[in-house]
Amino acid sequence: MSSNTDPSRFSNLSVLSKLLERLLARQLLGYLTTFRLLPEKQSAYRAYHSTETAVLKVLSDILLVVNTGDLAALTLLDLSAALDTVDQSVLLRRLQVSYCLDGPVHRWFTSYLKGRTQNVRCGSARSAAKPVLYGVPQGSVLGPISFCCIQPI
C-alpha cells in the first residue's frame, strides 16, 4: 500500500489537526475573554456559563415579566446549520477589524478556511471539485467559536 493511500496517515493528520485547533481555541478564548470581546450573553466557552445558566436566565426573565402582569413570548431558532452559512471572507475581515487579529494569526485563519474544496460522489461517479466559500470545516473545534466572532459585539 502506498503512503498516499494509507488510512492511518489520514487519521493521524486528523488528530494533529484537532490538537492544533484545540490549542488555538484555548488561546483565542483567552484573548476574547481577557479583552471582553465575547457577546455579553454568550454562554458557551465562558467560565461559569452553560446552557443551564442560559435557560435559567430566560426562565427568570419570563417569570419577572409574567409576575408584573405582562405577557411573555419566547421565540426559538434552530441554528444547527448556521455554521454552514458563515461567509469566510466576512469572518476573516471581522477577525482582523473587530478583533485585531492580524499578522501570523490572521494568515493562519486564512489558510485554515481558504482553499478547501468539495465534491459530490454517487456510486463511482464524482463531480468536479468546487471551492468552499461558506461555512467552517465540519466537526472543527474552531467552528462554533468562529461563529461567535461573526456576531455583533
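Residues numbered from 1 in each chain as written. Predicted model: local features only at pLDDT ≥ 70, side-chain atom pairs only at ≥ 80, totals over all residues. Heavy atoms only, no water.

Novice: Just to check I follow, could you spell out the overall build of the protein for this structure?
Specialist: Counting its secondary structure elements, the protein contains five helices and four strands. Scanning the protein from its N terminus toward the C terminus, one meets helices and strands in the order α-α-α-α-β-β-β-β-α. Its C-alpha atoms give the protein a radius of gyration of 20 Å, more than 25% over the compact-globule value 15 Å for 153 residues. Judged by the C-alpha coordinates and their principal axes, the protein covers about 70 × 40 × 30 Å. Looking at the protein residue by residue over its 153 residues, the buried ones come to 24%. Contacts spanning at least 24 positions in sequence make up 60% of the contacts within the protein whose residues lie at least 6 apart. Accessible area of the protein: about 11,200 Å², with a carbon and sulfur share of 61%. Distance from the positive charge centre (16 side chains) to the negative charge centre (10 side chains) of the protein: 10 Å. (Helix = DSSP H or I, 4+ residues; strand = E, 2+ residues; numbered from the N terminus. Rg over C-alpha atoms; globule rule 2.2 N^0.38 Å. Buried < 20%, exposed > 50% of the residue type's maximum accessible area, 1.4 Å probe, protein only. Contact = heavy atoms within 4.5 Å. Areas by Shrake-Rupley, 256 points an atom, 1.4 Å probe, with all protein chains shown as cover. Lys, Arg positive; Asp, Glu negative; His and termini not counted. Charge placed at Lys NZ, Arg CZ, Asp CG, Glu CD.)

Novice: Quick question: what am I supposed to make of the packing of helix H3 (residues 88-97) against helix H4 (residues 103-113) here?
Specialist: Helix-helix packing: each pair is described by the crossing angle between the helix axes and the interaxial distance. The interhelical angle for the contact between H3 and H4, taken along N-to-C directions, is 170°, at an axis separation of 10 Å. Regarding the angle of H3 to H4, the classification is roughly antiparallel. Residues Gln88, Leu91, Leu92, Leu95 and Gln96 of H3 form the contact with H4, whose own contacting residues are His106, Phe109, Thr110 and Leu113. For the contact of H3 with H4, the residue count by class is five nonpolar, four polar and no charged. (Axes fitted to C-alpha atoms, helices over the stretch in contact; angles between N-to-C directions. Parallel < 35°, antiparallel > 145°, perpendicular 65-115°, else oblique. Nonpolar A, V, L, I, M, F, W, Y, C, P; charged D, E, K, R; others polar.)

Novice: Looking at this structure, I do not really get the packing of aromatic side chains. What am I missing?
Specialist: Each aromatic ring pair is described using two quantities: the centre-to-centre distance and the angle formed by the ring planes. What the rule picks out here adds up to three aromatic pairs. Seen from their ring centres, tryptophan 108 and phenylalanine 109 are 5.5 Å apart, and the 85° between their planes marks the pair as edge-to-face. The exposure class assigned to phenylalanine 109 is buried, which follows from its relative accessible area of 2%. Ring plane angle 15° and centroid distance 5.0 Å describe the contact between tryptophan 108 and tyrosine 112, whose orientation is recorded as stacked. Here tryptophan 108 pairs with tyrosine 112, and both are found in helix H4, just four residues apart, close to one helical turn. Feature note: the residues Trp108, Phe109 and Tyr112 constitute an aromatic cluster, connected by ring pairs. A cation over an aromatic ring shows up here: arginine 116 above the ring of tyrosine 112, its NZ or CZ 5.3 Å from the ring centre. (Phe/Tyr/Trp six-rings, centres within 6.5 Å; stacked < 30°, edge-to-face > 60°. Lys NZ or Arg CZ within 6 Å of the ring centre and 35° of its normal.)

Novice: What's the story with a nonpolar patch on the surface in this structure? I'm lost.
Specialist: Together, Leu16, Leu19 and Leu23 line one region of the surface with nonpolar side chains, adding up to about 290 Å² of accessible area. Turning to its location among the elements, leucine 23 is positioned in helix H1 (residues 7-34). (Patch = residues over 30% accessible without salt bridge, like charges linked within 9 Å, V, L, I, M, F, W, Y side chains within 5 Å. Salt bridge = Lys/Arg side-chain N within 4 Å of Asp/Glu carboxyl O.)

Novice: I would appreciate a short explanation of the confidence of the model for the protein in the present structure.
Specialist: Summing up the model confidence of the protein, the mean pLDDT is 85 and the portion of residues at 70 or higher is 90%. This model gives residues 6-11 a pLDDT under 50, and the stretch forms six contacts once residues within four places in sequence are excluded. (pLDDT = per-residue confidence, 0-100.)

Novice: Would you take a moment to explain unusual backbone geometry for this structure?
Specialist: Keep in mind that most residues, glycine aside, have a negative phi and that most peptide bonds are trans. Phi at arginine 36 takes a positive value of approximately 50°, unusual for a residue other than glycine. You can see arginine 36 is positioned in the loop between H1 and helix H2 (51-67). Residue classification places arginine 36 among the exposed positions, given a relative accessible area of 74%. The residue cysteine 100 is not glycine, and still its phi comes out positive at about 55°.

Novice: Help me out: how do you make sense of the pattern of salt bridges in this one?
Specialist: If charged atoms from side chains of opposite charge come close, those side chains can pair. A full pass over the atoms with the stated rule returns one salt bridge. Across the pair aspartate 61 and lysine 57 runs a salt bridge whose closest N-O atoms are separated by 2.9 Å. Linking aspartate 61 with lysine 57, this pair stays in helix H2, spanning four residues, or about one helical turn. We classify aspartate 61 as partly exposed; its relative accessible area is 34%.

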